[in-house]
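Here is how the chains run, residue by residue.
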Amino acid sequence: MTSLIGIKGEVQLLAKSSDQFQNKWNTNAVIPTISTDPHRNHSFCNIHPLSPEEESEVSLLLESIAWPKTPALLSPLSLSQTSDPAHSTFTILPCRKGGQWYIGDQLEVTIKMCDFRGHAKTSGGDVLLARLHNLELGAGVAGQVVDHLNGSYSAVFSLLWEGRAQVQVTLVHPSEAITVLHRTTFEHHDRVFFHGIFRSGGITETTTCNVCLRQTQQPVCNYTDLRTGEPWFCYKPKKLSCDARVSHKIGGYNQILKTNEEKLFQSQVNMKVFIQASGPADVSVLPKKDGQPQVTSSIAESGPSGYYYQGDWRALNGTTVHQFKTPSAISQCLKEKVIYMYGDSTVRQWFEYLVSVLPDLKEFDLHSHRQVGPFMALDYVNNILMTFRVHGPPIRIFNILINELRYIANELDGVSGGPNTVVIFGVWAHFGSFPIEVYIWRLQSIRKAVVQLLSRAPDTLVIIRTGNPKDNTIHQALFNSDWHTLQRDKVLRAIFKGLDVHFVNAWEMVLAHNLPHNLHPQPPIIKNIINAILSYICPQKGE
């Protein structure tokens, strides 16, 4: 049993361990080189040391997420030959048995994309989302979309409840917009930039920082983390040394678009717009029959991870999601636990939710910025300690002291672990504007730390948050669209495949719900996510 003294010791150990490894920067002024390897998908700094095995893994991951070829853009750009959701349609295919639909069947939908002239598209690459839902039943499930590379797509749904089931298909981005997102990532990986603030005595200087900096005559400070190899650079101040850096903040955004390309990112025109059905948009589902054979799709690679019914998330594989309906039930589950949360604001949201619903879980005021943290909450009665810390750069926040800018892998190296330890992390929302390799590097370093943690304390519970769909403005689309998130979700799952970790599938839990997509999902979705987390922490006997 973990006592409060034990928790205190755990905190002290973590702080001591972190201090040993943080801020050990290689501050020699260097000029990072730009990779010219033609086999790389992107132009970026060639400074991250990888083993041959890691290099091979990167290549395989890039192949696995390769997007279908998208059209070259004409100049000047016109929307006339680009994908138009208003002219596109979807059609529910007849039941294979030619009769009624039953629970357990697979529903297939054909989507035909057309341009603004009404002409059928002949190539793929559009970003489409699909879900099946019933508002009255509080039911919903995500569909799997398959690109046939000829302007047509299929969406496959599992029929999981009795009653009406309505199909909804959404065009997130036309394929031509993906051409733009590809180019901007390839040519302008530094379009989101950051500032380092340097201070010594009465002198303060601010310079530009990033994962990679373009070569100039200006010297560069190398802040690559010595333990993880995570790259970070700042242009050297004119007067101060590299050692004088005191804080980090977002610098700004460069919206790099060519003439008329903004037309490809218009809400209610061609971005996050529903596609209409050419016939009925729903089906009636009957109860499963005795002896009914299982129906599988020849198109879909896998089924959904879960679905909503009566507003509650029900997992279809792995741990059963239980309903923790009272603060007492949640506290009882978390009793004697030390919970470490790391990541971006979408993980911080979970910390804030638990503090808000548990009256005995009191946040200890560390006088931290509400966007940044770190945060700590204690429940003395139930012996619960919960912490949150933001992940290391790149991180788009207003201002954070350098000694609080820590990489998750280094933090995990300071966690003792054990049966009362829960580690939760999510890294995705701040990586959309960077080449996917930068994200892969980050996950590889975290994976090493997770493997080591589970080696020294195999009964430690590790939970990983995926990204989720969000509302799209042109700004969000250019720097972290749902397309970026889809790519990173595939990479995340592949890198941690085979490890004793658990995923919270925030992607499907947001997509399947009737609430609007949001970077920070609304409370009903967060409640279900917390129930999924608690079900991992406190599974019922026999699971």
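First, a word on what this report is: a plain description of the structure on this page. Source: prediction; values computed, not measured. (Residues numbered from 1 in each chain as written. Predicted model: local features only at pLDDT ≥ 70, side-chain atom pairs only at ≥ 80, totals over all residues. Heavy atoms only, no water.)

### Observations regarding the overall build of the protein
Here is step 1 of the chain: Scanning the protein from N- to C-terminus turns up eleven helices and 25 strands.
Here is step 2 of the chain: Counting over 543 residues, the protein shows a buried share of 57%.
Here is step 3 of the chain: Here the analysis covers contacts within the protein between residues at least 6 apart in sequence; of these, 76% occur between residues at least 24 apart. (Helix = DSSP H or I, 4+ residues; strand = E, 2+ residues; numbered from the N terminus. Buried < 20%, exposed > 50% of the residue type's maximum accessible area, 1.4 Å probe, protein only. Contact = heavy atoms within 4.5 Å.)

### Some remarks on the packing of helix 2 (residues 52-64) against helix 7 (residues 436-456)
Here is step 1 of the chain: As a packed pair, helix 2 and helix 7 sit with axes 11 Å apart at the nearest point and diverge in direction by 130 degrees. As summarised for this structure, helix 2 and helix 7 are arranged oblique, according to the angle between their axes. In this structure, helix 2 meets helix 7 at a crossing whose hand is right-handed. Of the residues in helix 7, those in contact with Glu-54, Glu-57, Val-58, Leu-61 and Leu-62 of helix 2 are Ile-436, Glu-437, Ile-440, Gln-444, Arg-447 and Lys-448.
Here is step 2 of the chain: Its residues placed into classes, the contact of helix 2 with helix 7 shows five nonpolar, one polar and five charged. (Axes fitted to C-alpha atoms, helices over the stretch in contact; angles between N-to-C directions. Parallel < 35°, antiparallel > 145°, perpendicular 65-115°, else oblique. Left-handed = near helix turned anticlockwise from the far one by under 90°. Nonpolar A, V, L, I, M, F, W, Y, C, P; charged D, E, K, R; others polar.)

### Focus on the environment of Thr-70
Here is step 1 of the chain: Turning to its location among the elements, Thr-70 is positioned in the loop between helix 2 and strand 1 (89-92).
Here is step 2 of the chain: Residues Thr-70 and Glu-176 lie 106 residues apart in sequence; the distance between their C-alpha atoms is 6.3 Å.
Here is step 3 of the chain: Polar side-chain contacts of Thr-70 include one of 2.7 Å to the side chain of Thr-179. (Polar contact = N/O pair within 3.5 Å; in protein donor to acceptor, adjacent residues only side chain to side chain.)

### Some thoughts on the state of the cysteines
Here is step 1 of the chain: Applying the stated criterion across every chain yields a total of three disulfides.
Here is step 2 of the chain: Disulfide pairing places Cys-209 opposite Cys-234 at an S-S distance of 2.0 Å. Negative torsions about the S-S bond denote left-handed disulfides, and the value of about 105 degrees found for Cys-209 with Cys-234 makes this one right-handed. Taken together, the positions of Cys-209 in strand 10 (residues 203-210) and Cys-234 in strand 12 (residues 233-235) put the pair 25 residues apart, joining distant regions of the chain.
Here is step 3 of the chain: On the basis of relative accessible area, Cys-234 is assigned to the buried category, the value being 0%.
Here is step 4 of the chain: Here Cys-333 engages in a disulfide with Cys-538; their sulfurs sit 2.1 Å apart. Given an S-S torsion of about 105 degrees, the disulfide between Cys-333 and Cys-538 has right-handed geometry. In this pair, Cys-333 is assigned in helix 4 (residues 327-334) and Cys-538 in the segment after helix 11 (523-537), connecting sequence segments 205 residues apart. (Disulfide = S-S within 2.5 Å.)

### A word on the packing of aromatic side chains
How two aromatic rings sit relative to each other is given by the distance of their centres and the angle of their planes.
Here is step 1 of the chain: Considering all chains together, one arrives at ten aromatic pairs under this definition.
Here is step 2 of the chain: Between Tyr-340 and Tyr-342, the aromatic rings sit 6.5 Å apart at their centres with planes inclined by 5 degrees, giving stacked as the arrangement.
Here is step 3 of the chain: According to the relative accessible area criterion, Tyr-342 is buried, its value standing at 2%.
Here is step 4 of the chain: Between Arg-245 and the ring centre of Tyr-223, over which it is positioned, the NZ or CZ distance is 3.9 Å.
Here is step 5 of the chain: The ring of Tyr-102 is capped by Lys-289, whose NZ or CZ atom sits 4.5 Å from the centre of that ring. (Phe/Tyr/Trp six-rings, centres within 6.5 Å; stacked < 30°, edge-to-face > 60°. Lys NZ or Arg CZ within 6 Å of the ring centre and 35° of its normal.)

### Some remarks on the side chain of Thr-387
Here is step 1 of the chain: Along the chain, the position of Thr-387 falls in strand 21 (residues 384-390).
Here is step 2 of the chain: Other than its neighbours up to four places away in sequence, Thr-387 contacts Ile-339, Tyr-340, Met-341, Phe-351, Phe-375 and Met-376.

### Some points on the sheet that holds strand 10
Here is step 1 of the chain: With respect to topology, six strands assemble into an open sheet ordered 11-12-10-9-13-22, the strand pairing being antiparallel. Bordering the open sheet on either side are strand 11 (220-222) and strand 22 (400-401), each of which pairs with just one other strand.
Here is step 2 of the chain: Judged from the seven bridges that link them, strand 9 (residues 192-200) and strand 13 (residues 245-253) form a sheet pairing that is antiparallel. By the bridge assignment for strand 13, Gly-196 is matched with His-248. (Pairing = 2+ DSSP bridges.)

### Focus on unusual backbone geometry
Trans is the prevailing form of peptide bonds, just as negative phi is the prevailing case for residues other than glycine.
Here is step 1 of the chain: Cis rather than trans, the peptide bond between Gly-373 and Pro-374 has omega equal to 5 degrees.
Here is step 2 of the chain: By secondary structure assignment, the location of Pro-374 is in the loop between strand 19 (362-364) and strand 20 (375-379).
Here is step 3 of the chain: Omega for the peptide link from Pro-393 to Pro-394 comes to 5 degrees, which places this bond in the cis form.
Here is step 4 of the chain: Mapped onto the secondary structure, Pro-394 falls in the loop between strand 21 and strand 22.
Here is step 5 of the chain: Even without being glycine, Asn-260 reaches a positive phi, approximately 75 degrees.
Here is step 6 of the chain: For Asn-260, the position within the fold is in the loop between strand 13 and strand 14 (273-277).
Here is step 7 of the chain: You will see that Asn-383, though not glycine, has its phi angle at about 60 degrees, which is positive.
Here is step 8 of the chain: Its location among the elements puts Asn-383 in the loop between strand 20 and strand 21.

### Examining the pattern of salt bridges
Side chains carrying opposite charge are able to pair once their charged atoms draw close together.
Here is step 1 of the chain: Per the stated rule, a full pass over the model turns up 17 salt bridges.
Here is step 2 of the chain: For Arg-117, the salt bridge goes to Asp-115, with nearest N and O atoms at 2.8 Å.
Here is step 3 of the chain: On the basis of relative accessibility, which here comes to 43%, the residue Arg-117 falls in the partly exposed class.
Here is step 4 of the chain: As a salt-bridge pair, Glu-187 and Arg-183 come within 3.9 Å of each other at their nearest N and O atoms. (Salt bridge = Lys/Arg side-chain N within 4 Å of Asp/Glu carboxyl O.)

### Comments concerning helix 4
Here is step 1 of the chain: Turning to helix 4, its buried residues are Ile-330, Ser-331, Cys-333 and Leu-334. Buried residues of helix 4 fall within an arc of 160 degrees about the axis and therefore sit on the same side. The exposed residues of helix 4 that point more than 90 degrees off its buried face are Ser-328 and Gln-332.
Here is step 2 of the chain: Where the residues of helix 4 are buried, they touch strand 18 (338-343), helix 5 (345-357), strand 20, strand 21 and helix 11. (Arc of directions from axis to C-beta.)

### So, the pairing of strand 4 (residues 127-134)
Here is step 1 of the chain: For strand 4, a buried count of eight out of eight residues is recorded, marking the element as mostly surrounded by other parts of the structure.
Here is step 2 of the chain: Taking every second residue as pointing to the same face, both faces of strand 4 are buried, with Val-127, Leu-129, Arg-131 and His-133 on one and Leu-128, Ala-130, Leu-132 and Asn-134 on the other.
Here is step 3 of the chain: Pairing between strand 4 and strand 5 (residues 139-142): four bridges, direction antiparallel. Note that in strand 5 the partner of Arg-131 across the bridge is Ala-142.
Here is step 4 of the chain: Connecting strand 4 to the antiparallel partner strand 5 that follows it, the hairpin turn spans four residues, and Gly-138 within it adopts a positive phi of roughly 60 degrees.

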